[in-house]
Amino acid sequence: MTSPRTATSASGAGGRARIRLAGMRLAADPTVALIYSITFLLVGIGLIMVLSSSSISSYLDDQGFFGGFWRQFTYAVIGVPLMFIAAAMPLSFWKRWAWWLFALGLALQTLVFTPLGVEVWGNRNWVQIGGIGAQPSEVLKLALIVWIGTVLARKEPLLGQMRHELIPVILPGSIIALGLVLLGHDLGTTMIMGVTVFGAMFFAGTSWKSLGVIAGGAVAATLFFVLSSPNRLARIRSDGGDYSGLDWQPLHGLWALAGGGMFGVGLGGSKAKWSWLPAAEDDYIFAIIGEELGMIGALLIIVLFIALAIALMRVIARARDRFGRAVVGGIMVWIVGQAFVNIGVVIGIFPVLGVPLPLISSGGTALIACLLAMGVAVSVARDTAQYQAELAAQSPHGGGSTA
């Protein structure tokens, strides 16, 4: 006859075995597999398109036809292992180090105002150390998201009170972060970061009153900085007639898309990349995708980002706590939202904002930061799968109890 202690021990062992078995299945969790698959597809397509779109500009810069590709490939080789490392970290790691990561992000952003800072296309948002350039605001995006998730999770009992929802997340945290980027005149990146903050707070369950205040303040600030800048105002008012000036890039981007037709002119066959389209491998790489791969290729990119949003929404819906929902929500709004802003700029819906296509455009810091962000999202997804396994194990119908 089995003693009560033995039975309890057997039951506990059975429960632990079920949880361990569930843990063994985490690597094959369909949501995690989907996030990884889409990420690798986007990075792979990006490397191919960077190779094609940058070949002429690389050659003209005495880097050979493959200079831009090898540089982007090197960043991918660095970023992918970092993504796996981030994915392997438990959520306790991100919560413990969130404040330090945010402080590091702010410190790196201040470097653009030192002699290390350089100006690109009128924006002082880069640092140059030797032959290596980096954009600290990309790192700051991720650090800000993780920090917001940590603060909101710790203040959970107080949420619903506007004062506790806005302090310190908005005042002074987000204001300082966005302000440092805006001081470098990079309004496009600042707007993406602002929407990311809103997304993280929305998915964390912040009250509509606080969200309304944030949205109203963001709209007012955007209008002020647009109306106070003749260059930004001219971009919005442009009717496409300034062919040799402000409209050169948008028009050539549209012509590249139109030239691709349904099936494209073939990989490597772009005419726009022959110095007709500025930033062909950067902000306007989607135009080269449309030209070389046609509408089919362009729609594939859009579908992949929609699929990524669906996978991340699944993680948000099943997350263990407010931290996971805020972090994955912020990452989703950042990467998927920025992708559609970039695409909207290329097809002429938005004025030129100067934001790259995540995981695809040429740019080392942006690629590494996006891969790290996907690693953090997978970290939350793994915890979510573990949480769902624990719930199933605790349920009376969750997998057969010991009699």
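Criteria and thresholds
Residues numbered from 1 in each chain as written. Predicted model: local features only at pLDDT ≥ 70, side-chain atom pairs only at ≥ 80, totals over all residues. Heavy atoms only, no water. 1 Å grid on protein atoms, 1.4 Å probe; cavity = no way out; pocket = protein on both sides within 12 Å on 5 of 7 lines; lining within 4 Å. Points joined across faces, edges and corners; volume = space filled by probe spheres on them. Helix = DSSP H or I, 4+ residues; strand = E, 2+ residues; numbered from the N terminus. Nonpolar A, V, L, I, M, F, W, Y, C, P; charged D, E, K, R; others polar. Salt bridge = Lys/Arg side-chain N within 4 Å of Asp/Glu carboxyl O. Buried < 20%, exposed > 50% of the residue type's maximum accessible area, 1.4 Å probe, protein only. Phe/Tyr/Trp six-rings, centres within 6.5 Å; stacked < 30°, edge-to-face > 60°. Pairing = 2+ DSSP bridges. Patch = residues over 30% accessible without salt bridge, like charges linked within 9 Å, V, L, I, M, F, W, Y side chains within 5 Å. Areas by Shrake-Rupley, 256 points an atom, 1.4 Å probe, with all protein chains shown as cover. pLDDT = per-residue confidence, 0-100. Contact = heavy atoms within 4.5 Å. Core = buried A, V, L, I, M, F, W, Y, C linked by side-chain atoms within 4.5 Å.

Visitor: Explain the layout of surface pockets here, please?
Guide: The gaps left among the atoms become clear once a water-sized probe is rolled over them. Here the second largest pocket is characterised by a volume of approximately 650 Å³. In terms of lining residues, the second largest pocket is bounded by 24 residues, among which Leu178, Gly194, Ile214, Gly217 and Ala218 are the most central. Elements with a minimum of two residues in the lining of the second largest pocket: helix H8 (169–183), helix H9 (187–203) and helix H10 (208–227). Counting residues per element, the lining of the second largest pocket draws most heavily on H10, at 9 residues. Split by residue class, the lining of the second largest pocket holds 18 nonpolar, 6 polar and no charged.

Visitor: Got a minute to help me understand empty space enclosed by the protein in this structure?
Guide: Scanning the model with the defined rule gives 2 cavities of 30 Å³ or more in all. Here the largest cavity defines a volume of roughly 60 Å³. Tallying contributions element by element places helix H15 (residues 364–394) first for the lining of the largest cavity, with 3 residues. Tallied by class, the residues present in the lining of the largest cavity amount to 8 nonpolar, 2 polar and no charged.

Visitor: Explain the pattern of salt bridges to me, please; I cannot follow it from the model alone.
Guide: Note that side chains of opposite charge can pair when their charged atoms are close. Enumeration according to the criterion identifies 6 salt bridges in this entry. The shortest N-O distance in the salt bridge between glutamate 138 and lysine 141 comes to 3.3 Å. Separated by 3 residues within a single helix, glutamate 138 and lysine 141 lie in helix H6 (residues 136–154), roughly one turn from each other. Of the residues examined, glutamate 138 reaches a relative accessible area of 2% and is grouped as buried. Among the residues examined, lysine 141 registers a relative accessible area of 4% and is labelled buried. For arginine 320, the salt bridge goes to glutamate 390, with nearest N and O atoms at 3.2 Å. A residue pair is termed long-range when its members are at least 10 positions apart, and arginine 320 in the loop between helix H13 (285–318) and helix H14 (322–346) and glutamate 390 in helix H15 qualify at 70 residues. Owing to a relative accessible area of 31%, arginine 320 belongs among the partly exposed residues under this scheme.

Visitor: What is the right way to look at the packing of aromatic side chains in this model?
Guide: Centre-to-centre distance and the angle between the planes together describe a pair of aromatic rings. Under the criterion given, the structure shown has 14 aromatic pairs. Centroid distance tyrosine 36 to phenylalanine 84: 5.4 Å. Interplanar angle 50°. Geometry classified as tilted. Taken together, the residues span a long stretch of sequence, with tyrosine 36 in helix H2 (residues 30–53) and phenylalanine 84 in helix H4 (residues 67–88) at a distance of 48 residues. Taking relative accessible area as the criterion, tyrosine 36 reaches 17% and is therefore assigned buried. What makes phenylalanine 84 partly exposed here is its relative accessible area of 38%. Judged by centre distance (5.1 Å) and plane angle (75°), the ring pair of phenylalanine 224 and phenylalanine 225 falls under edge-to-face. Phenylalanine 224 gets classed as exposed once you look at its relative accessible area, which sits at 52%. Members of the aromatic cluster, joined through ring pairs, are Tyr36, Phe40 and Phe84.

Visitor: So what exactly am I meant to see when it comes to the pairing of strand E2 (residues 123–129) here?
Guide: Looking along a regular strand, one sees side chains alternate from face to face of the sheet. In the sheet, strand E1 (residues 117–120) pairs with E2 via 3 bridges, with the strands oriented antiparallel. Each residue of the ladder has a partner; that of valine 118, found in E2, is tryptophan 126. The antiparallel hairpin formed by E1 and E2 contains 2 residues in its connecting segment, where tryptophan 121 sits at a positive phi of about 55°. Counting the residues that bridge the hairpin from E2 to strand E3 (residues 132–134) gives 2 residues, and of these glycine 130 lies at a positive phi of roughly 65°.

Visitor: Explain a nonpolar patch on the surface here, please?
Guide: There is a patch of nonpolar side chains on the surface, built from Tyr59, Leu60, Phe65, Phe66, Trp70, Phe73 and Val77 and spanning about 740 Å² of accessible area. Counting only elements with at least two residues in the nonpolar patch, the list comes to helix H3 (55–60) and H4. Here the element with the most residues in the nonpolar patch is H4; it accounts for 3 residues. For tyrosine 59, the location among the structural elements is in helix H3.

Visitor: Honestly, the confidence of the model for the chain in this entry has me stumped. Any pointers?
Guide: Where the model shows low pLDDT, its predicted coordinates should not be examined in detail. Taken as a whole, the chain shows an average pLDDT of 89; of its residues, 90% reach a score of 70 or greater. Confidence over residues 1–27 falls short of pLDDT 50; this stretch has 15 contacts with residues more than four positions distant or in other chains.

Visitor: I keep staring at the nonpolar core and nothing clicks. Help me out?
Guide: Within soluble globular proteins, side chains that are nonpolar generally end up buried alongside one another. Core analysis: the largest hydrophobic core is formed by 76 residues, its most contacted members being Ile331, Trp334, Ile335 and Leu357. Looking at which element gives the most residues to this core, the answer is H13, with 15 residues. Discounting residues that sit within four places of it in the chain, leucine 357 has contacts with Ile285, Phe286, Ile301, Phe305, Ala339, Asn342 and Ile343. Formed by 24 residues, the second largest nonpolar core is a distinct cluster that contains Leu140, Leu152, Met193 and Leu211.

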